[in-house]
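Survey of secondary and tertiary structure
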Amino acid sequence: MNANPLIDSVAASVGLTDITKRFGDTSAVTALSLQLAAGSFTALLGPSGCGKSTTLAMLAGLLSPDEGDITLDGTSMLRIAVEKRPVSLVFQKPLLFPHLDVAQNVGFGLRMRGFAARDITVKVQSMLERVQLGGLGARRVGELSGGQEQRVALARALILAPRLLLLDEPFSQLDAELRAEMRALVRTLHNETQTTTLFVTHDQIEAVEVADQIVLMLDGRLAGKGSPELFYQSPPTLQAARFFGVTNEICGSVCSGIFSTPFGFARPTAAADGDAVLVVRPEALRLSDCAAPDSLPGKIVAARFAGTYLALEMTTVAGLLVAHVAADTPAQIGGSVHVRVPVDASTVFRTDSA
């Protein structure tokens, strides 16, 4: 018999309001406010030490915030014990029980919650099929590959039908091919279950591939949020643009809605007046043999083949610019080019906003 009715609950909306967590004199998370819609898939992105895992630990109940509140569907979770929270957490390491086989690992939580043995068997077999481990229920943990271990960890978390699923960089120890496979699996499982999911990662590509919404954390604070498309095409902050690898920055100033530079390059903008920087991704730059009103003259100083594209470094009046162009683009070191900066692919920020 199911001893915990929360197990069969639907996905929850999650709210963090002014969450702060300190360790001694160090603030790991500062005044973090965030809303996750029920059934959403959010990537919590940021460099190591920015407070991502601390935030997950507070959501799971492993840590208590010093200030602020955490709610599920509007109800505070701060006084609810870890084992009572309808939350599942998957760590970097699978943390499987070595003395149990795969099926016993997956069904462990159900046994702890009083499910009947027959029901556990049915649920475990179904879940193993969903994570592509059908037929491996009797296998010992020591006989599994790294990818299989993480599939078991996912199955063990999802079989409880959590209202919130937390994933703490679960694929960081896998090789590139396995990471890609696991990202696809997690996304498929989310589409099937619609479990509210928060996925911690330091990898921008991983965040873009799996999530519907990205939340960027820097130095324990919220530094931007939005869709993957937003972060790539129109980053919300200069910090976000830099973290997402926007290599090219053109310095200038804004006056009355116009960004301009000493060398004549100008662009309309909604940024406030003052010193500013225009950012543009390498793949957005366009090269031409002749001058155009929105182009900058340049000279190729380096060309690096990167498989699907060619990375060109060019000296210009705006400084060093990097363009990612088609891999078969003719490029001669020392050759002259004109670099176009498309209006719809660039963003202007006040310099003091970083």
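Residues numbered from 1 in each chain as written. Predicted model: local features only at pLDDT ≥ 70, side-chain atom pairs only at ≥ 80, totals over all residues. Heavy atoms only, no water.

**Observations regarding the nonpolar core**
Filter applied, for reference: Only buried residues count toward a nonpolar core, which is a set of Ala, Val, Leu, Ile, Met, Phe, Trp, Tyr and Cys residues joined through side-chain atoms within 4.5 Å. In this scheme, a residue with accessible area under 20% of its type's maximum is buried, one over 50% is exposed, and one in between is partly exposed, where area comes from a 1.4 Å probe on protein chains only. Secondary structure counts use DSSP, requiring at least four H or I residues in a row for a helix and at least two E residues in a row for a strand, with both numbered from the N terminus. Here a residue-residue contact requires only that any non-hydrogen atoms of the pair lie within 4.5 Å.
Within the largest apolar cluster, 47 residues are counted, with the highest numbers of intra-cluster contacts made by V106 and L216. Take this core: its biggest share by element is 6 residues, from helix 4 (residues 146-158). In contact with V106, other than residues within four places in its own chain, are V124, M127, L128, V152, A155, R156 and I159. With 24 residues, the next largest nonpolar core counts L16, L32, L166 and L198 among its residues.

**So, the environment of R22**
The cut-off we apply is this: Counting of polar contacts relies on pairs of N or O atoms within 3.5 Å, with two restrictions inside protein: one atom must be capable of donating a hydrogen and the other of accepting it, and residues adjacent in sequence are counted only when both atoms are side-chain atoms.
In this fold, R22 is placed in strand 1 (residues 14-23). Along the primary structure R22 and R187 are separated by 165 residues, whereas in three dimensions their C-alpha atoms are 33 Å apart. Not counting residues within four places of it along the chain, the set of residues in contact with R22 comprises S27, A28, D66 and E67. Here E67 takes part through its side chain, which lies 2.6 Å from a polar atom of the side chain of R22.

**A look at the packing of aromatic side chains**
We apply this condition: Geometry of aromatic contacts follows a simple scheme: Phe, Tyr and Trp rings, the Trp one being its six-membered ring, pair when their centres are within 6.5 Å, and the pair is stacked under 30 degrees between planes, edge-to-face over 60, tilted otherwise.
What the rule picks out here adds up to 5 aromatic pairs. Measuring from centroid to centroid gives 6.2 Å for F41 and F199, while their planes differ by 35°, and the two rings are tilted. With F41 in strand 3 (residues 41-45) and F199 in strand 8 (residues 196-201), the pair connects residues that are 158 residues apart, well separated along the chain. Across the pair, exposure class does not vary: F41 and F199 are buried alike. Among the aromatic residues, ring-to-ring pairing joins F41, F171 and F199 into one connected group.

**As for the pattern of salt bridges**
The cut-off we apply is this: One speaks of a salt bridge when a side-chain nitrogen belonging to Lys or Arg is within 4 Å of a carboxyl oxygen belonging to Asp or Glu.
Enumeration over the complete set of coordinates arrives at 12 salt bridges. Of the charged contacts, one joins R242 and E249 as a salt bridge, the two residues approaching to 2.7 Å between their closest N and O atoms. Classification of E249 by relative accessible area gives partly exposed; the value is 25%. For R281, the salt bridge is made with E283, and the minimal N-O distance between the two is 2.6 Å. Judged by its relative accessible area of 12%, R281 is buried. On the basis of relative accessible area, E283 is assigned to the partly exposed category, the value being 34%. Through salt bridges that share partners, R183, E206 and E209 make up one connected network.

**Focus: the sheet that holds strand 8**
To summarise the sheet geometry, strands pair through backbone hydrogen bonds and adopt either a parallel or an antiparallel arrangement. What counts, and what does not: A pair of strands is considered paired only if DSSP assigns at least 2 bridges between the two. A fitted line through C-alpha atoms represents every axis, and for helices the fit uses only the stretch in contact; the resulting angles, taken between N-to-C directions, go from 0 to 180 degrees.
Ordered by their spatial adjacency, 6 strands build an open sheet running 6-7-8-3-9-10, and the pairing between neighbours is mixed. At either end of the open sheet lies a strand with only one pairing partner, and these are strand 6 (87-90) and strand 10 (221-226). Each strand axis lies, on average, 20° off the axis of its neighbour in the sheet, ignoring direction. Bridge count between strand 3 and strand 8: 5 bridges; the pairing is parallel. Following the sheet pairing, F41 is matched in strand 8 by T197. Taken strand by strand, helix 1 (residues 52-60) contacts strand 3, strand 6, strand 7 (164-168), strand 8 and strand 9 (213-218), and its axis lies near 150° from that of strand 7.

**Thoughts on the sheet that holds strand 17 (residues 309-316)**
The antiparallel open sheet is built from 5 strands, whose spatial order is 15-19-16-17-18. Strands at the two margins of the open sheet, each flanked by one partner only, are strand 15 (286-288) and strand 18 (319-326). Between one strand and the next, the sheet's axes are offset by a mean angle of 45°, whatever the strand orientation.

**Concerning the confidence of the model for the chain**
Interpretation of the predicted coordinates at a detailed level should be avoided for regions scoring low in pLDDT. To keep it simple, the criterion reads: Along the chain, pLDDT gives the predictor's confidence residue by residue, from 0 to 100.
Averaged over all residues, the pLDDT of the chain is 91; the fraction at 70 or higher stands at 97%. Scored below 50 in pLDDT, residues 1-8 shows 19 contacts in the model against residues more than four places distant or in partner chains.

**Brief notes about the pairing of strand 16 (residues 295-305)**
Two strands pair when backbone bridges link them, and strand 16 and strand 19 (residues 336-340) are joined in this way by 5 bridges, in the antiparallel orientation. Following the sheet pairing, K299 is matched in strand 19 by S336. When strand 16 meets strand 17, the two strands line up antiparallel, connected through 7 bridges. Following the sheet pairing, K299 is matched in strand 17 by T315. Hairpin connection from strand 16 to strand 17: 3 residues lie between these consecutive antiparallel strands, with G307 at a positive phi of about 85°.

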